[in-house]
Amino acid sequence: MTRPANSAASTMPPWGDIPEAAVEAAAAHLRDVLTVAIEHGPQHAALVVYDARSDLARALTEGYRRNLPGATFVDFDNVTPEQVLATFKAMAARDLVVLIQSTNFRLEAFRIRVELFKLGLKVIEHVHLSRMPGSQGEHYIAALAYDPLYYRGVGRRLKALIDSATSARVDSGGETLVFDSPLEPAKLNVGDYSDMHNVGGQFPIGEVFTEAQDLEAVNGRVRVHVFGDTAYMVNRPETPITLTIEKGRVTGADNATPEFARLLEIIAADEGEVWVRELGFGMNRAFTRELRVNDIGTYERMCGIHLSLGAKHGVYTKPGFKRKDARYHVDIFAVTEAVYLDQQLVYRDGGWIV
């Protein structure tokens, strides 16, 4: 970044509003991600493809430079897509690719993470970093902290309880949403890839997710403090929106803002009705109701319950839901006072207690 000589800005570090202490924290957190979660070692090559369009992207790039001195670093804006693709294809299975993206890299029809996994490569992906300016960059960095005892221990215990439960209940502070059905086998996003074909994914991590086996067994009311809007940004209404859900479908929305009402209208217009599908158990303690970032895909890891609106859920197939007709998967975040699996209390006071 070029700055005028002798200006106050000329003394700023390359990562702008992000302080050096946060960059040091990023380097420490990424060291754990690389060694413990990804299990990357010096016997394998590493490639970091980055851009320098945002403070957070530059800070994360510096964090990786401090951990991967032998890696190849490529500025996406200084090469052609063909050069990037050729570099990917020259790598060997189990090598590591890190993608640091202020937006998200476009390589024509190449679906980057999916295609890299097909090549047998490990992948760490950071996306939409420009959506998280200023202090949000520090929140993002804090969310990269990897505690394997917490993520793997609590994550596996939650999965075991979810997989054996015959029902679930979310206390949303005066409202209750009931899943009166066994749940689908839970999926883990906790930095443990020992039982998975692919290693890596989008970071920060921290989630266990499922949905009701019988979607029509979801009934009750839930208070929503944040939803993902049409720009994929965190939208927080002044007053939580209270949804009424009957037989798995949204039938009412008290205190709905114009933006939320528009969202429901769009889903209903294209899908006929508004289904509730995912039941997500967010585990990342760096994100709370008050500590937020703008990017909805990052905030999805927030410690608490999130749900999805719309018929789309690529992980779980259901009779009557055709992939070509299911267009929407919109994350909404429940005011979460308590969560029960069967009669066992698993969440209270802002954290999981399993």
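In what follows, the structure referred to is the one given above.
The rules behind each value
- Residues numbered from 1 in each chain as written.
- Predicted model: local features only at pLDDT ≥ 70, side-chain atom pairs only at ≥ 80, totals over all residues.
- Heavy atoms only, no water.
- Helix = DSSP H or I, 4+ residues; strand = E, 2+ residues; numbered from the N terminus.
- Rg over C-alpha atoms; globule rule 2.2 N^0.38 Å.
- Buried < 20%, exposed > 50% of the residue type's maximum accessible area, 1.4 Å probe, protein only.
- Contact = heavy atoms within 4.5 Å.
- Areas by Shrake-Rupley, 256 points an atom, 1.4 Å probe, with all protein chains shown as cover.
- Lys, Arg positive; Asp, Glu negative; His and termini not counted.
- Charge placed at Lys NZ, Arg CZ, Asp CG, Glu CD.
- Phe/Tyr/Trp six-rings, centres within 6.5 Å; stacked < 30°, edge-to-face > 60°.
- Pairing = 2+ DSSP bridges.
- Axes fitted to C-alpha atoms, helices over the stretch in contact; angles between N-to-C directions.
- 1 Å grid on protein atoms, 1.4 Å probe; cavity = no way out; pocket = protein on both sides within 12 Å on 5 of 7 lines; lining within 4 Å.
- Points joined across faces, edges and corners; volume = space filled by probe spheres on them.
- Nonpolar A, V, L, I, M, F, W, Y, C, P; charged D, E, K, R; others polar.
- Salt bridge = Lys/Arg side-chain N within 4 Å of Asp/Glu carboxyl O.

Visitor: Which residues make up the overall build of the protein chain, and what are the values?
Guide: Per the secondary structure count, the protein chain includes eight helices and 19 strands. Over its C-alpha atoms the protein chain spans a radius of gyration of 21 Å, differing by no more than 12% from the 20 Å that the globule rule assigns to 354 residues. Each principal axis of the C-alpha distribution contributes one length, and for the protein chain these read about 60 × 45 × 40 Å. Expressed as a percentage of the 354 residues in the protein chain, the buried residues total 54%. A fraction of 73% describes how many contacts in the protein chain between residues 6 or more apart in sequence connect residues 24 or more apart. Counting every atom, the protein chain has about 15600 Å² of accessible surface; 49% of that belongs to carbon and sulfur. Each charge class in the protein chain was averaged separately, 38 positive and 46 negative side chains, and the resulting centres sit 3 Å apart.

Visitor: Residue-level account of the packing of aromatic side chains, with values.
Guide: Taken as a whole and assessed by the stated rule, the structure comprises 10 aromatic pairs. On the basis of an interplanar angle of 55 degrees and a centroid distance of 6.2 Å, the ring pair of F287 and Y299 is categorised as tilted. Here Y299 lies in helix α8 (residues 296-299) and F287 lies in the loop between β14 (276-282) and α8, a separation of 12 residues in the sequence. Judged by centre distance (5.0 Å) and plane angle (50 degrees), the rings of Y299 and F333 are tilted. In this pair, Y299 is assigned in helix α8 and F333 in strand β16 (residues 330-334), connecting sequence segments 34 residues apart. Taking the relative accessible area as the measure of exposure, Y299 reaches 0% and is therefore buried.

Visitor: Explain the pairing of strand β18 (residues 344-348) residue by residue, including any values.
Guide: Note that strand β17 (residues 338-341) and β18 share four bridges and pair antiparallel. Opposite V339, over in β18, you have Y347 as the bridge partner. The hairpin turn running from β17 into β18, its antiparallel successor, is two residues long, and D342 in that turn takes a positive phi close to 55 degrees. Pairing analysis gives two bridges linking β18 to strand β19 (residues 351-352), with the strands arranged antiparallel. Bridge pairing in β19 places R348 opposite G351. Between the end of β18 and the start of β19, which pair antiparallel, lie two residues, with D349 showing a positive phi angle near 50 degrees.

Visitor: Residues and numbers for the pairing of strand β9 (residues 207-211), please.
Guide: Within β9, five of the five residues are buried, leaving the element largely enclosed by the surrounding structure. Where burial is concerned, the two faces of β9 agree: the one with E207, F209 and E211 and the one with V208 and T210 are both buried. Pairing geometry for strand β7 (residues 187-189) and β9, over three bridges, is antiparallel. In the sheet register, K187 faces β9, and the bridge partner there is F209. Judged from the five bridges that link them, β9 and β14 form a sheet pairing that is antiparallel. Looking across to β14, one finds that E207 is bridged to G282.

Visitor: Any details on the sheet that holds strand β4 (residues 122-126)? Residues and values, ideally.
Guide: As summarised here, the arrangement of the five strands in space is β2-β1-β3-β4-β8, forming an open sheet in which the pairing is parallel. Strand pairing shows two members of the sheet lacking a second neighbour, β2 (72-75) and β8 (200-202), which therefore form its edges. Going across the sheet, the axis of each strand differs from the next one's by a mean of 15 degrees, ignoring polarity. Across three bridges, the pairing between β4 and β8 is parallel. Considered in β8, the bridge of I124 is made with G201.

Visitor: Got a sec to walk through the layout of surface pockets? Specific residues and values, please.
Guide: To find the voids left in a structure, one rolls a probe of water-molecule size over its atoms. Roughly 190 Å³ of volume is contained in the second largest pocket. For the second largest pocket, the lining is made up of 14 residues, of which H40, G41, P42, N67 and L68 are closest to its centre. The dominant element in the lining of the second largest pocket, judged by the number of residues it contributes, is helix α1 (residues 20-37), at three residues. Its residues assigned to classes, the lining of the second largest pocket comprises seven nonpolar, six polar and one charged.

Visitor: So what's going on with the pattern of salt bridges? Which residues, and what values?
Guide: Charged atoms that come close allow side chains of opposite charge to pair. Tallying each qualifying case throughout the model produces 22 salt bridges. Between E125 and R113 there is a salt bridge, and its shortest N-O distance comes to 2.7 Å. A residue pair is termed long-range when its members are at least 10 positions apart, and E125 in strand β4 and R113 in helix α4 (residues 112-118) qualify at 12 residues. For E125, a relative accessible area of 9% translates into the label buried. Between K118 and E115 there is a salt bridge, with its nearest N and O atoms 3.4 Å apart.

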